[in-house]
Amino acid sequence: MELIVHRGTQEIGGSCVELKTDKTKVLIDFGMPLVKPDKEPFDAKTLANKSIEELKDLKMLPDIKGLYKNEDKEIDAILISHSHPDHYGLLNYVHPEIPVYMSQGAKELIEISSIFTPNKLDKVNSKIIDSIKSFNIDDIKITPYTVDHSAFDALAFLLEADGKRLFYSGDFRGHGRKSKLFSKIISKPPKNIDCLLMEGSTLGREEQLYKDEIAVQSRIEEILKAADNITFLFTSSQNIDRLVSAYKACLKTDRLFVIDIYTAYVLDRLSSVSKHIPQFDWRNVRVKFYKNQADILAGKVSEKLLYHYNSKKIEMDEINKQRNKILMLARFNSIFPRIIKSINNPAGAKVMFSMWEGYLTDEFKEYCAKTGLVIEQVHSSGHAKPEDLKSFARALNPKVLIPIHTFYADKYKELFDRVKILKDNEPFVV
Ligand SMILES: [Zn+2]
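Keep in mind the model is a prediction, meaning the values are calculated, not measured.

Caption draft 1: Layout of the sheet that holds strand 4 (residues 77–79). Ordered in space as 6-5-4-3-2-1-19, the 7 strands form an open sheet in which the pairing is mixed. Among the strands making up the open sheet, the edge pair consists of strand 6 (126–128) and strand 19 (427–429). The average undirected angle you get between the axes of adjacent strands in this sheet is 25°. Where strand 1 (residues 2–7) lies against strand 19, 3 bridges are found, and the strand directions are antiparallel. Across the sheet, Leu-3 pairs through a bridge with Phe-428, a residue of strand 19. Across the sheet, helix 3 (residues 104–116) touches strand 5 (100–102) and strand 6, and the angle it forms with strand 5 is around 110°.

This is the structure:
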């Protein structure tokens, strides 16, 4: 079989890998780039009002025959590893008849993003797949493996064809709340791997603050115990591991976890996938209503849900009264300064910044300094540390290891054996 990494050999984001046999063509991930060719941040707005052909000329869309809406279909299937936009964000351009395989969790989260963010997705021909349940796309056999990652229900893929076996790691780690999945794959790895495509997001990046998700939870607990004012948590509402850590910390310290309507809806939708995800009506959870979110939910989903979430609604008065007993989920948007204004004496209140530090802007730091909010970074990476990448590569023991989803492909040669660095669009026969 032949492999072409259309994007991702030298960058994080915009992942797109094609695997083909004489009969079949499968694409793995079709992500939005995070950087432009000059490595400056990519702005998704630059895609607006441009035709597929224009976007191909600008190298924003990879030149793949039979993939797009405006041509005859030649791609047999697309596999999506997880619900981060840098892995699925260009799906809007693909031919509507191409089946798109993904986990149930990824499907829910991708649909929610389409409702609540400007990246609206048209109808996708999605097919749900389960961990370890193999299926075939003509002569290619595919086995998904659920992996530990900051995106919920993320998958890696084993692809078999022409007597060869290729493993695509997707994004993964070994230190999240699902670290057992990592240990499991290390202790019983798929055998005889001819080619491993492995992510390396953490290579060349600084040490992470907390070694794992459990250490993050412990620090949240300590902060809540010591709090004499409201505490804020800045994190993605789709980072389910982090929400679980925060919720558990709230239970242990008997604090109220105040989420918003959007988060209540995310958790609600995922309740069909796992019974262990905290819900809006669970003990110590309350919902703060914001008009913009309520309008979206009522307008695009159902007004009934608002009545439903209303049973656990919390108002600013109550938040103010018990502010040293509150952990409030927030983001730096136009609403945040209004929340701070409605809190008596916000000075000294803590903001746990629980996302990649690249998102911590000078503007936000200045705002906190001005209002007396104290920022503390409480975070653990969504991606495997170099030592976990090493054990993963050692366990899978591939004949060839190809770097992907990394800015430091060169570092692979120092850390792993039998590394082959490809260029984007360079064909490679497995
Ligand atoms: Zn990811």
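Caption draft 2: Main features of the side chain of Asp-171. By secondary structure assignment, the location of Asp-171 is in the loop between strand 10 (164–168) and helix 4 (179–187). No salt bridge is formed by the buried Asp-171; the nearest opposite charge belongs to Arg-205, separated by 9.3 Å. Here His-82 takes part through its side chain, which lies 3.3 Å from a polar atom of the side chain of Asp-171. Of note is the side chain of Asp-171, whose polar atom sits 3.5 Å from the side chain of His-405. Not counting residues within four places of it along the chain, the set of residues in contact with Asp-171 comprises His-82, His-87, Val-147, Asp-148, His-149, Glu-199, His-383 and His-405.

Caption draft 3: Structural view of the coordination of the zinc ion. For the zinc ion, the full set of protein donor atoms is His-82 (NE2), His-84 (ND1), His-149 (NE2) and Asp-171 (OD), at a range of 2.2 to 2.4 Å. For the zinc ion, the 4 donor atoms are set out with angles of 90 to 164° between them, so the coordination reads as irregular. The class of His-84 is partly exposed, set by a relative accessible area of 24%.

Caption draft 4: Layout of the nonpolar core. Ranked by internal contacts, the top residues of the largest apolar core, which has 41 residues, are Ile-220, Ile-240, Phe-257, Ile-259, Tyr-309 and Leu-327. Shared between two domains, this core takes at least three residues from each, and those domains are domain 1 (2–205 + 382–429) and domain 2 (213–377). Not counting residues up to four positions away in its chain, the partners in contact with Ile-220 are Ala-246, Ala-249, Leu-327, Met-352 and Val-378. Listed in part, the 29 residues of the second largest apolar core include Leu-3, Phe-135, Leu-155 and Val-400.

Caption draft 5: Inspection of the pattern of salt bridges at higher detail. A complete count under the given rule lists 25 salt bridges for this structure. The shortest N-O distance in the salt bridge between Glu-2 and Lys-20 comes to 3.9 Å. With Glu-2 in strand 1 and Lys-20 in strand 2 (residues 16–20), the pair connects residues that are 18 residues apart, well separated along the chain. Overall, the relative accessible area of 24% leaves Glu-2 in the partly exposed class. By relative accessible area, which is 24% here, Lys-20 ends up partly exposed.

Caption draft 6: View of the environment of Pro-386. Tracing the backbone shows Pro-386 in helix 13 (residues 386–396). In this structure, Pro-386 is in contact with Thr-202 and Leu-203, ignoring residues within four places of it in sequence.

Caption draft 7: Inspection of the side chain of Glu-108 at higher detail. Following the sequence through the fold, Glu-108 ends up in helix 3. Within the local environment of Glu-108, its side chain forms a polar contact with the side chain of Gln-104, the two groups lying 2.6 Å apart.

Caption draft 8: Representation of the sheet that holds strand 14 (residues 285–288) in the model. Spatially, 14-13-15-12-16-17 is the arrangement adopted by the 6 strands of the open sheet, whose pairing is parallel. Strands at the two margins of the open sheet, each flanked by one partner only, are strand 14 and strand 17 (374–377). Taken pair by pair, the neighbouring strands of this sheet meet at an average axis angle of 25°, ignoring direction. Its contacts with the sheet place helix 5 (residues 213–226) against strand 12 (231–234), strand 15 (326–330), strand 16 (350–353) and strand 17, and it is angled at close to 175° to strand 16.

Caption draft 9: View of the domain arrangement of the protein. Each domain of the protein was delimited in the assignment, giving domain 1 (2–205 + 382–429) and domain 2 (213–377). Using only C-alpha atoms to locate each centre, domain 1 and domain 2 end up separated by 31 Å. At the interface, 20 residues of domain 1 touch 25 residues of domain 2. For the pairing of domain 1 and domain 2, the buried interface totals around 1900 Å² over both sides, and the portion due to carbon and sulfur atoms is 60%. Here domain 1 and domain 2 share 4 salt bridges between them. Broken down by class, the residue content of the side of domain 1 that touches domain 2 amounts to 5 nonpolar, 7 polar and 8 charged.

Conventions used here
- Residues numbered from 1 in each chain as written.
- Predicted model: local features only at pLDDT ≥ 70, side-chain atom pairs only at ≥ 80, totals over all residues.
- Heavy atoms only, no water.
- Pairing = 2+ DSSP bridges.
- Helix = DSSP H or I, 4+ residues; strand = E, 2+ residues; numbered from the N terminus.
- Axes fitted to C-alpha atoms, helices over the stretch in contact; angles between N-to-C directions.
- Contact = heavy atoms within 4.5 Å.
- Buried < 20%, exposed > 50% of the residue type's maximum accessible area, 1.4 Å probe, protein only.
- Lys, Arg positive; Asp, Glu negative; His and termini not counted.
- Salt bridge = Lys/Arg side-chain N within 4 Å of Asp/Glu carboxyl O.
- Polar contact = N/O pair within 3.5 Å; in protein donor to acceptor, adjacent residues only side chain to side chain.
- Donors = N, O, S within 2.8 Å, 3.2 Å for Na, K, Ca; no water.
- Tetrahedral: all angles 85-135°; square planar, octahedral: opposite > 155°, others 65-115°.
- Core = buried A, V, L, I, M, F, W, Y, C linked by side-chain atoms within 4.5 Å.
- Domains from an automatic or database assignment.
- Buried area = accessible area lost by both parts, 1.4 Å probe.
- Nonpolar A, V, L, I, M, F, W, Y, C, P; charged D, E, K, R; others polar.

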